[in-house]
Amino acid sequence: MAPGAFIEALVANQQNVAAIDFLAHALPVREGVWWGCLCMQQGCGDQLTPEERAAATAAVQWVLQPTEECRAAAKGPAEVAGPATPAGALAMAVTQLGSPGAPKAVANAVKLASLKGEPIQMAGTQKAFVELGIEVAEGRLL
C-alpha cells in the first residue's frame, strides 16, 4: 500500500493518532518540525509561555536555517520548555536529528497541540493536523 493510501485508510477508520505517528516518521525531520510548528500555531495560538515561545522560535529558526548552529541553539530552550509541551517537543526534535527520537518528538508535539482545544473537537483537530501534514509532505506549505 502506498503511503498516501495508508494515511487515507487510517483517517477513514478514525485512526488519527496512528496517522500522526506515521506522518511524523515518514516526513524528513525538517518538514516534520515545520508541520509540528504549524499544528502548534493552530492548536496553541498565542497561549505560549515565554519558555514555550523561546522553544518555538528555536524550532522555526532551525527550519528556516537548518544549520548546526541553529540546532545547537535549540537545546537550551528545548530543555527549559520540556518535552511535555508542543514547543519543547519540537525544539527537542531539532536537537535529536538523526536519531529515532526526532520523529517521535514531532509526533508528540502534534498530538500535544491537538489537546489544546475543546475535548469534543479533538478527533476533528487531529484529522485537520493530518491533512496539514499531507500538505507539507506534498510541498504546499514549506
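Note: the structure precedes this text.
Residues numbered from 1 in each chain as written. Predicted model: local features only at pLDDT ≥ 70, side-chain atom pairs only at ≥ 80, totals over all residues. Heavy atoms only, no water.

**Student:** Tell me about the overall build of the protein, residues and numbers included.
**Tutor:** Assigned secondary structure in the protein consists of 9 helices and 0 strands. Its helices and strands taken in sequence order, the protein reads α-α-α-α-α-α-α-α-α from the N to the C terminus. Whereas a compact globule of 142 residues would reach a radius of gyration of roughly 14 Å, the protein reaches 14 Å, a difference of no more than 12%. A buried classification covers 42% of the 142 residues belonging to the protein. About 7200 Å² of surface is accessible on the protein, with carbon and sulfur atoms providing 57% of the total. (Helix = DSSP H or I, 4+ residues; strand = E, 2+ residues; numbered from the N terminus. Rg over C-alpha atoms; globule rule 2.2 N^0.38 Å. Buried < 20%, exposed > 50% of the residue type's maximum accessible area, 1.4 Å probe, protein only. Areas by Shrake-Rupley, 256 points an atom, 1.4 Å probe, with all protein chains shown as cover.)

**Student:** How would you explain helix 4 (residues 50–64) if you had to name every residue and give the values?
**Tutor:** Side chains three or four residues apart in an α-helix point the same way, a direct result of the helix having 3.6 residues per turn. For helix 4, spanning 15 residues, the distance from its first C-alpha to its last is 21 Å, which sits close to the expected 21 Å at 1.5 Å a residue. Among the residues of helix 4, Glu 52, Ala 55, Ala 56, Ala 58, Ala 59, Trp 62 and Val 63 are the ones counted as buried. With its buried residues spanning 155° around the axis, helix 4 presents them on a single face. Exposed residues lying more than 90 degrees from the buried face of helix 4 are Pro 50 and Leu 64. Contacts from the buried residues of helix 4 go to helix 3 (29–44), helix 5 (68–73), helix 6 (75–81) and helix 7 (86–95). (Expected span 1.5 Å × (residues − 1). Arc of directions from axis to C-beta. Contact = heavy atoms within 4.5 Å.)

**Student:** Describe the packing of helix 8 (residues 101–114) against helix 9 (residues 122–137), with residues and values.
**Tutor:** Where helix 8 meets helix 9, the closest approach of the two axes is 9 Å, and the angle between their N-to-C directions is 140°. Compared by their axis directions, helix 8 and helix 9 come out oblique. The element helix 8 and its partner helix 9 pack so that their crossing is right-handed. Across the interface between the two elements, Val 110, Ala 113 and Ser 114 from helix 8 touch Met 122, Thr 125, Gln 126 and Phe 129 from helix 9. Partitioning the contact of helix 8 with helix 9 into residue classes produces 4 nonpolar, 3 polar and no charged. (Axes fitted to C-alpha atoms, helices over the stretch in contact; angles between N-to-C directions. Parallel < 35°, antiparallel > 145°, perpendicular 65-115°, else oblique. Left-handed = near helix turned anticlockwise from the far one by under 90°. Nonpolar A, V, L, I, M, F, W, Y, C, P; charged D, E, K, R; others polar.)

**Student:** Got a sec to walk through unusual backbone geometry? Specific residues and values, please.
**Tutor:** Phi at Gln 14 takes a positive value of approximately 55°, unusual for a residue other than glycine. With respect to the helices and strands, Gln 14 occurs in the loop between helix 1 (3–12) and helix 2 (16–26). Judged by relative accessible area, Gln 14 falls into the exposed class, the value being 68%.

**Student:** Before we move on, could you go through the packing of helix 4 against helix 7 and cite the residues and values that matter?
**Tutor:** Packing of helix 4 against helix 7 brings their axes to within 8 Å, and their N-to-C directions diverge by 35°. In this structure, helix 4 crosses over helix 7, and the sense of that crossing is left-handed. Counting all contacts with helix 4, which are made through Glu 52, Ala 55, Ala 56, Ala 59 and Trp 62, the residues of helix 7 involved are Ala 87, Gly 88, Leu 90, Ala 91 and Val 94. Its residues assigned to classes, the contact of helix 4 with helix 7 shows 8 nonpolar, 1 polar and 1 charged.

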